[in-house]
Amino acid sequence: MAEDHKDTKSSNQMWGGRFASGPSAIMEEINASIGFDKKLYAQDIRGSKAHATMLAHQGIISAEDKDKMLHGLDTILSEIESGQFVFSRKLEDIHMNVEARLADLIGSAAGRLHTARSRNDQVALDFRLWVKEELQKTEQALSRLIAAFLDRAEEHADTVMPGFTHLQTAQPVTFGHHCMAYVEMFGRDRQRVRHAIEHLDESPIGAAALAGTGYPIDRHMTAQALGFREPTRNSIDTVSDRDFALEFLSIASIAAVHLSRLAEEIVIWSTPQFGFIRLSDAFSTGSSIMPQKKNPDAAELVRAKTGRINGSLIALLTVMKGLPLAYSKDMQEDKEQVFDAAESLELAIAAMTGMVTDMTIRTDKMKAAAGSGYSTATDLADWLVREAGLPFRDAHHVTGNAVAMAEKKGCDLAELSLEELQSINAAITADVFNVLTVEASVASRKSFGGTAPSEVRKQIAWWRARN
């Protein structure tokens, strides 16, 4: 087992001779970040290995020292992953914990690893690598969610349901079309993820504290070794930039809002009053007192995660808003927000993918509701424009009178007699009944991106080719 460093390393060693004594307990508490930035251990070790290899290639350190460093860093990685490594708060952060353990393992050669770098560019590298990897996970998770929606959309391209505005019945649509609306939403989220990866794909290592370094380093070599497109181009901006973290949180917040809107619909749809879907026991809970209850808790918790994720974005925006260039210690407050939001988003997407895949669609309930609220009224108005030659505003007025008549009789528009409709406008013929059913309504919406089943299937095919 690795030795506990706190007994062998003085708490003030890293400060050199500037401070005669170690920090107070309060200062240690506010200054230490190892409690959360140990999450960056793999990225920290990966960056150090690339840096050591570059230093040896450039003749700044010896090949022998490089080999010792690489072997020691691999040992530390193994110790951390096996749970043997002992993290010390007195060593503040992941960088000093790793460096101190490396000194235990390989002696004085460990001190050469920090040549031509600073903790400022080191943490920027570690954090950027972590966010890049998390974005790649998010992209994959969103692709799985999109695939789940494509499957449901294909299954229900013909299933009619009410479309809503203001949560009031507006026009009939198909459930497949409704599913494809979420495909578009989460497709935009995924595109934002891809753009964010492109934006952050620059290596910060080599910027050092803020001014670069006088050592003959090769930043292009380390960038390539670490999988970045190229190195950053300004050392001051490099160590003071957290745009990549803000962009991740912004993307996470927008995606969480989309997930929350979907969660809200699932909550509504699963009520007895709507009854459009039935969630399985895997994503529901019961009541401790009411045996008949089946609560959509998974959806409600996804909805709640949005506040947490949005709060993380506001927190980091506020941290960064007044900082002068270049690095300030305030920026230590960047990671916990991102770590928490990433965990919340990952869980929310996974839960929603499970619910979309698992829920039962009650097509009978959807169809019964699709014709409620005189949802084919617009079809009557459109028919009057096309077939009777009325201006749309006149057709709108005629249709309003027809709706008022149906409301008074307590029936649907399609249940009015031809004579009753002709009493409102003599130009109406029996052909009007061909457009007053919900099936005829959705089938007629063949404009690009419309709800007609034929159009829905075209959009499904387009997305399948790109998912």
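Please read these numbers as outputs of a predicted model, since none were measured by experiment.

**A word on the overall build of the protein**
The secondary structure content of the protein amounts to 18 helices and six strands. Over its C-alpha trace the protein gives a radius of gyration of 31 Å, far above what one expects of a compact globule, namely 23 Å for 467 residues. Here the C-alpha coordinates of the protein stretch approximately 100 × 55 × 40 Å along the principal axes. Burial status across the protein gives 48% buried among its 467 residues. In the protein, of all internal contacts separated by at least 6 residues, the share reaching a separation of at least 24 is 75%. Accessible area of the protein: about 21900 Å², with a carbon and sulfur share of 52%. Side-chain charges in the protein split into 51 positive and 63 negative, and the spacing between the mean points of these groups amounts to 0 Å.

**A few points about a nonpolar patch on the surface**
A surface patch of nonpolar side chains, amounting to about 280 Å² of accessible area, comprises L210, I236 and L325. Tracing the backbone through its elements, the reader meets L325 in the loop between α11 (297-320) and α12 (335-358).

**As for unusual backbone geometry**
Here the amide bond leading from L325 into A326 is cis, since omega sits at 10°, within 30 degrees of zero. In this structure, E92 takes a positive phi of about 70° despite not being glycine. On the secondary structure map, E92 appears in the loop between α4 (63-81) and α5 (94-106). The exposure class assigned to E92 is buried, which follows from its relative accessible area of 6%. A positive phi angle, close to 60°, is found at H166, a residue other than glycine. For H166, the location among the structural elements is in the loop between β1 (160-165) and β2 (168-174).

**A closer look at the pairing of β1**
As paired strands, β1 and β2 are joined by six bridges and run antiparallel to one another. Bridging from a neighbouring strand, P162 pairs with P172 of β2. Taken together, β1 and the strand that follows it, β2, pair antiparallel across an intervening segment of two residues, in which H166 is found at a positive phi of about 60°.

**A short note on the side chain of T451**
If you trace the backbone, T451 turns up in the loop between α17 (438-444) and α18 (453-464). Judged by its relative accessible area of 6%, T451 falls in the buried class. Among the polar contacts made by the side chain of T451, one reaches the main-chain amide nitrogen of T174 at a distance of 2.9 Å. In this view, T451 contacts P172, V173, T174, H177, V442, R445 and V456; residues no more than four positions away in its chain are not counted.

**Quick word on the packing of helix α6 (residues 119-155) against helix α10 (residues 243-269)**
It is at 10 Å that the axes of α6 and α10 come closest, and there the two elements cross at 25°. By the angle class used here, α6 and α10 are roughly parallel. Where α6 crosses over α10, the handedness of that crossing is left-handed. Across the interface between the two elements, A124, F127, R128, V131, E134, L135, T138, L145 and F149 of α6 pack against F244, A245, F248, I251, L259 and L262 of α10. Class assignment of the residues belonging to the contact of α6 with α10 gives a composition of 12 nonpolar, one polar and two charged.

**Some words on the pattern of salt bridges**
Pairing between side chains becomes possible if they bear opposite charge and their charged atoms approach one another. This model, assessed by the stated rule, comprises 30 salt bridges. Where D74 meets K49, a salt bridge forms, and the shortest distance between an N and an O atom there is 2.7 Å. With a gap of 25 residues between them, D74 in helix α4 and K49 in helix α3 (residues 41-57) connect regions that are remote in the sequence. A relative accessible area of 27% places K49 in the partly exposed class.

**Details of the environment of A370**
Looking at where A370 falls in the secondary structure, it is placed in helix α13 (residues 363-370). Distance from A370 to G163, taken between C-alpha atoms, is 7.6 Å for residues 207 residues apart in sequence. For A370, the contacting residues outside a window of four places in its chain are V160, M161, P162, P172, S375 and V438.

**Regarding the confidence of the model for the protein**
Averaged over all residues, the pLDDT of the protein is 90; the fraction at 70 or higher stands at 93%. In the predicted structure, residues 1-11 sits below a pLDDT of 50 and forms 26 contacts with residues beyond four places in sequence or in another chain.

**Regarding the environment of L390**
Mapped onto the elements, L390 comes out in the loop between α14 (377-388) and α15 (392-409). Residue classification places L390 among the buried residues on the basis of a relative accessible area of 14%. It is 80 Å that separates the C-alpha atoms of L390 and D74, two residues lying 316 residues apart in sequence. If near-sequence neighbours (up to four positions away) are discounted, L390 is found in contact with L384, V385, A395, V398 and N425.

**Describing the packing of aromatic side chains**
The relation between two aromatic rings is expressed through the spacing of the ring centres and the mutual angle of the planes. The final tally for this structure, using the stated rule, is 12 aromatic pairs. Between the aromatic rings of W269 and F276, the centroid separation amounts to 6.5 Å while the plane-to-plane angle is 40°, which identifies the pairing as tilted. Given the relative accessible area of 4%, W269 is considered buried. Under the relative-accessibility criterion, F276 is labelled buried at 2%. Put simply, the rings of F164, F175, W269, F274 and F276 touch in pairs and so form one group of aromatic residues. In this structure, K39 packs its charged tip against the face of F339, placed 5.6 Å from the ring centre. Above the plane of the ring of F127 lies K335, whose end atom (NZ or CZ) is 5.5 Å from the centre.

**Some words on the packing of helix α7 (residues 175-200) against α10**
Between α7 and α10, the least distance of the axes is 9 Å, while the angle of their chain directions is 170°. The pairing of α7 with α10 is recorded here as roughly antiparallel in orientation. Note on element contacts: α10 touches α7 through F244, E247, I251, I254, A255, H258, L259, R261, L262, E265 and W269, opposite F175, H178, Y182, M185, F186, R188, D189, R192, V193, A196, H199 and L200. Of the residues belonging to the contact of α7 with α10, the class tally is 14 nonpolar, three polar and six charged.

**Some thoughts on α6**
Every α-helical turn comprises 3.6 residues, leaving residues that sit three or four positions apart pointing alike. Spanning 37 residues, α6 covers 54 Å between terminal C-alpha atoms, matching the ideal 54 Å at 1.5 Å per step. In terms of burial, α6 is largely enclosed, as 26 of its 37 residues are buried.

**Describing α14**
The end-to-end C-alpha distance of α14 is 16 Å, a good match for the 16 Å that 12 residues give at a rise of 1.5 Å each. Of all the positions in α14, only A377, D379, L380, A381, W383 and L384 are classed as buried. Summarising the contacts, the buried residues of α14 are in contact with α15 and α17. Positive phi appears at G389, one or two residues downstream of α14, with a value of about 75°.

Each value, and the rule that gives it
- Residues numbered from 1 in each chain as written.
- Predicted model: local features only at pLDDT ≥ 70, side-chain atom pairs only at ≥ 80, totals over all residues.
- Heavy atoms only, no water.
- Helix = DSSP H or I, 4+ residues; strand = E, 2+ residues; numbered from the N terminus.
- Rg over C-alpha atoms; globule rule 2.2 N^0.38 Å.
- Buried < 20%, exposed > 50% of the residue type's maximum accessible area, 1.4 Å probe, protein only.
- Contact = heavy atoms within 4.5 Å.
- Areas by Shrake-Rupley, 256 points an atom, 1.4 Å probe, with all protein chains shown as cover.
- Lys, Arg positive; Asp, Glu negative; His and termini not counted.
- Charge placed at Lys NZ, Arg CZ, Asp CG, Glu CD.
- Patch = residues over 30% accessible without salt bridge, like charges linked within 9 Å, V, L, I, M, F, W, Y side chains within 5 Å.
- Salt bridge = Lys/Arg side-chain N within 4 Å of Asp/Glu carboxyl O.
- Pairing = 2+ DSSP bridges.
- Polar contact = N/O pair within 3.5 Å; in protein donor to acceptor, adjacent residues only side chain to side chain.
- Axes fitted to C-alpha atoms, helices over the stretch in contact; angles between N-to-C directions.
- Parallel < 35°, antiparallel > 145°, perpendicular 65-115°, else oblique.
- Left-handed = near helix turned anticlockwise from the far one by under 90°.
- Nonpolar A, V, L, I, M, F, W, Y, C, P; charged D, E, K, R; others polar.
- pLDDT = per-residue confidence, 0-100.
- Phe/Tyr/Trp six-rings, centres within 6.5 Å; stacked < 30°, edge-to-face > 60°.
- Lys NZ or Arg CZ within 6 Å of the ring centre and 35° of its normal.
- Expected span 1.5 Å × (residues − 1).

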